[in-house]
Structures are given as C-alpha cells and as structure tokens.
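Breakdown of the fold
Listed below are the residues making up each chain.
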Amino acid sequence: MSKTTNQPARRDSFASSFGVLVAMAGSAVGLGNLWRFPYLVGQNGGAAFILIYLGFVILAGLPVMLSEFVIGRRSQASARSAFQKLAPGSHWGITGILGVICCVCILAFYSVVGGWGTEYLYKAVCFDFTNGDAENLKTLFSTLSASVWRPLVGHTIFLAMTAGVVIAGVKNGIEKFSKVMMPLLFLIIIAIAIRSMTLPGSGPGVSYMFRPDWSKVTSQTFLAALGQAFFSLSLGSCMVVTYASYVKKEANIVSLCAQTAVADTAFAILAGCAIMPAVFAFGISPGEGPNLVFVTLPHIFSQMPLGGIIAIIFFLALLLAALTSSISILEVVVAFCIEEFKMKRKAAVALVFAVLWVLGCLCSLSFGPLSDFKIIGKTIFDFFDFVSADVLMLIGGMLAVLFVGWKLGKKVVVDELSNSGKLHIPGWLLNIILFLIRFVAPAALLAIAIFQIHE
Ligand code: PFF
C-alpha cells in the first residue's frame, strides 16, 4: 500500500480489520494467559476465580477497552498527545505519560520471563525434560533464574526479537507477524488442551476448571481477578490507545473490542484446559504458583507420552504469545518517542531498547546477586510487576473511563462508536456501554482501590 505523500512523516496504519483484530488479540494473548492465568486459577479455587474474572472482564475490562479505543481512534495520536489533542489546554496528557511509564515497567520484567521462555524452548528442543523429576526441575528453574549470564542472554534475545518486529513498523511488522502467529497459536493451544484433557486421570482437573469452589474465595481473589483482567486485556497502559490510533475510521469499535475480549478469554480458558487436567492427572498441586509453567509443566511433559514433542510445541507457543504482546508494549513507548521527540522509528527503537535492556537486566539480577536489594520491601522484579499491574494499569484504566465518560461526553462517544451514524448500533446497547463507562467501571475500580488500601 502506498504512502500518502502530502505529509512526509505520515503515521503508519493497519491495512485491514482482520489485521487490527489479530494485533489486538496478539497483544492481549500472552504470558498473562499462559503463565499468570493458570497459576492464579490454581491458587484461587478454579472455576470460582474464572467466574469472578469473567465478571470483571465484562463490567470493567470492556468499558476501559472501549474508552481507550475511542481516545486512540478519534485522536489518531500516541499516548500523551491523544489526550492532549482531545482536551487541549488540560492536564489529561499526564494519563498518557503514566501509560508510557507503565509500559516501560511491564516490559522490563516481561522480557525477563520471555527470556526464560526462550531458554526453555531451547531446553525442550534439546529434549532436556525427558527424564526430569520434580526436584531436579525445581532446581533447574531456580538455578537458571538466579544465575547471572544465561537469563541475561535470554532477555537480550527476547528484547531483540521484539525490537526487530517493531522496527519494521505497524503494517509490515506488527500486523504481518500477528496475522501468521495468532491463528498458529490457537491451533497449538487447542491441540495441547485436547491432549491434556484426554489423559487418564484428567477428570478432576476438568471439573476444577468448570465447577466453582466458593470456599477458596477471599477478598484477595477479587483483587487478583481484576488485576488479571487488566493485565490480560492489556488495559490501562495506553496500548489500546496506541493501536487504535492506527485504525481507520470505518472500523467497528464495539465489535473489535468484543472480539478481542472473547479471543483473549477463550485463550485463557484453553490455556487452563491445557494445564489443569494434566496437573491433576499427574498428582501435582494446582496452587504451585508462578513456577507452574516452568517447573510443573516440564515435569508433566517428562511423564506424558509424546511429552518431548509437546514440550517443544508448548514453549514455542509461549514464546510466540509473549512476542505478540511485547511488541505492543514496545510500540507504545516507541510511538511516544517518535511523536513527542520527532525521532525516526529506528532511533526510537534503539533508545528504548537500551533503556529496557538495562532495566530488564536489573529485574533478572534481582533473582540472584541483587536479591537483597529491595524497594518498598520488594525485589526489583516484583516492584516493576507491582507498580505496573497493580497500580499504574488500574489508575490508567480509571482515568481512561473518566475521560471518555465525563470529559468527552455522550455525543462524542456515540459519534465515535457509530462511526458518525454510519453504523447501526442499537440505542439500548449504546446506553448500556455508556452506563458501564460512566458508572460501573469507575465504581468497580474505586471499590477495588479502597479494598487494596485497607488490606
Ligand atoms: N496482555 C499481555 C499478556 O496477557 O501477557 C500483557 C500486556 C500486553 C500488558 C500489553 C500490557 C500491555 F500494554
């Protein structure tokens, strides 16, 4: 597709609606689904957690996603200038800056976990898990994460792959990559879920996923479910604002957001179905925690028929899912640098790469030599995770719904969602969306914030 010639630095854009959908779903589906969701389900009572999670996706996640989409598509600008363009002379631009800071914090630790994924894919290809007992695999993971060089190599490779796609731009990098990887990813996870659910003894794992045990639910479960909904749908970080700014005016925002949320939730449940039945079939505790994917799964693979091959396929899926997400996080920061500092894309990627490489190294070393260095009682890795997923994303989400619901107002929202009346979105649906954006999502976020402060 040719570039428009009247503006030399014309903004890149997605070429098709399918491209937008796979890029949005690519951002949403990631380590959050494959690494975080299964262990949170395991720690918080299985199906009960999933139901609370679904409630938050609908009541808080979708309104925030729609709001961010409206901001990005209407302004056609990156994080900070989007708010500034829609509310000139105000301080709303700070929301965009918070989003950029949030993305830097996420990618700093995300890249380390992506690096572990790279290392585990390598180990799977070498069939290193074929005779692993649980203790050995635990030691393997703690030795890897606590050592100095190997995780840094993994982090560097992962960040370099991310940067490579982002340098190629939106249409030629992000969209093309996601178009191939997302369908592949769904096929892989469906295949593994079928394998896992047909293992002898997998029945209790399947019912754990689908039969709620409310006795495990505490106030912590609600916090975890909301945080996970935001993390998994990539909200409150201006990621949706940035991608939406590359979306053409004809796209149907309501349907794109709904499809993204459905795809992300379906993938998370499939990931649960791939992991939980196998966890039960091999008599492992579902509440294993963040180690679940890196310790428990290789143990399961080592005992499963065809486990060596399945391990390769699983860690390949993990890596691809992590990459389609990390490119979206990097794009937020790169687009910000391009627009705010008038940098060229390559220079912006190089600068952000350098900063993130250093921060990622610090996160990685916080499992080893820097493990005693604490910020507000947390290691560097946990600090970045906490500040982004538990603080900045929730603040960013709250500001986005308040901005759209109360600052932009009903007329603008209806105009944007219906493409200036060209799309026929039923009035009752628009009213429900507005009600969710103005009242329900802010109330849910406020309640959780008060809860969290009281804990
Ligand atoms: N949604 C991604 C995941 O589930 O792994 C993580 C993520 C991507 C968070 C993009 C924030 C973001 F802007």
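Placed above this text is the structure.
Right, let's walk through the structure included here. Note that the structure is predicted; figures quoted are calculated from it, not measured.

Comments concerning the nonpolar core
Formed by 162 residues in total, the largest nonpolar core has its most connected members in Phe69, Phe294, Phe314 and Phe315. Of all the elements, helix 14 (residues 307-341) adds the most residues to this core, at 20 residues. Those residues in contact with Phe294, other than ones at most four positions away along the chain, are Trp35, Val113, Trp116, Gly117, Tyr120, Phe141, Phe315 and Leu318.

So, the packing of helix 15 (residues 345-365) against helix 16 (residues 380-417)
Orientation of helix 15 relative to helix 16, taken along the N-to-C sense of each, is 120°, at an axis distance of 6 Å. Here helix 15 lies oblique to helix 16, going by the angle between them. Of helix 16, the residues touching helix 15 (which contributes Leu359, Leu362 and Cys363) are Ile380, Phe381 and Phe384. Here the contact of helix 15 with helix 16 is composed, by residue class, of 6 nonpolar, no polar and no charged.

Remarks on the layout of surface pockets
Here the second largest pocket defines a volume of roughly 510 Å³. Lining the second largest pocket are 20 residues, with Arg36, Leu40, Gln220, Ala224 and Asp390 positioned closest to its centre. Breaking the lining of the second largest pocket down by element, the ones donating at least two residues are helix 2 (31-43), helix 10 (219-232), helix 16 and helix 17 (427-454). Across the lining of the second largest pocket, the residue classes tally to 8 nonpolar, 6 polar and 6 charged.

A word on a nonpolar patch on the surface
Together, Phe127, Leu306, Ile309 and Ile313 make up an exposed nonpolar region whose accessible area comes to about 370 Å². Residue placement: Leu306 occurs in the loop between helix 13 (292-303) and helix 14.

Describing the site of the ligand
As a structural note, the neighbourhood of the ligand is formed by 17 residues, with Ala28, Gly32, Tyr110, Phe231 and Ser237 the closest of them. Interatomic distance of 3.1 Å between a backbone N/O atom of Ser27 and a nitrogen atom of the ligand. Within the side chain of Asn33, one N or O atom sits 3.4 Å away from an oxygen atom of the ligand. A total of 340 Å² of accessible area belongs to the ligand in isolation, and the protein chains cover 100% of it. For the ligand, the cavity whose grid points lie within 2 Å of the majority of its atoms is the largest cavity. Secondary structure elements with two or more residues in the shell around the ligand: helix 1 (17-28), helix 2, helix 5 (93-125), helix 10 and helix 14. Of the residues in the shell around the ligand, the class split is 8 nonpolar, 9 polar and no charged.

Comments concerning the pattern of salt bridges
By the definition in use, this model includes 10 salt bridges. When the shortest N-O distance is used, the salt bridge between Arg74 and Asp415 registers 3.2 Å. A residue pair is termed long-range when its members are at least 10 positions apart, and Arg74 in helix 3 (residues 47-75) and Asp415 in helix 16 qualify at 341 residues. For Glu416, the salt bridge goes to Arg74, with nearest N and O atoms at 2.7 Å. Placement of Glu416 in helix 16 and of Arg74 in helix 3 is noted, with a sequence separation of 342 residues between them. Relative accessible area serves as the criterion here: at 4%, Glu416 is assigned to the buried category. Here the salt bridges do not stand alone but share partners, grouping Arg73, Arg74, Asp415 and Glu416 into one network.

What counts and what doesn't
Residues numbered from 1 in each chain as written. Predicted model: local features only at pLDDT ≥ 70, side-chain atom pairs only at ≥ 80, totals over all residues. Heavy atoms only, no water. Core = buried A, V, L, I, M, F, W, Y, C linked by side-chain atoms within 4.5 Å. Buried < 20%, exposed > 50% of the residue type's maximum accessible area, 1.4 Å probe, protein only. Helix = DSSP H or I, 4+ residues; strand = E, 2+ residues; numbered from the N terminus. Contact = heavy atoms within 4.5 Å. Axes fitted to C-alpha atoms, helices over the stretch in contact; angles between N-to-C directions. Parallel < 35°, antiparallel > 145°, perpendicular 65-115°, else oblique. Nonpolar A, V, L, I, M, F, W, Y, C, P; charged D, E, K, R; others polar. 1 Å grid on protein atoms, 1.4 Å probe; cavity = no way out; pocket = protein on both sides within 12 Å on 5 of 7 lines; lining within 4 Å. Points joined across faces, edges and corners; volume = space filled by probe spheres on them. Patch = residues over 30% accessible without salt bridge, like charges linked within 9 Å, V, L, I, M, F, W, Y side chains within 5 Å. Areas by Shrake-Rupley, 256 points an atom, 1.4 Å probe, with all protein chains shown as cover. Salt bridge = Lys/Arg side-chain N within 4 Å of Asp/Glu carboxyl O. Near = heavy atom within 4 Å. Polar contact = N/O pair within 3.5 Å; in protein donor to acceptor, adjacent residues only side chain to side chain. Sits in = over half its atoms within 2 Å of the grid points.

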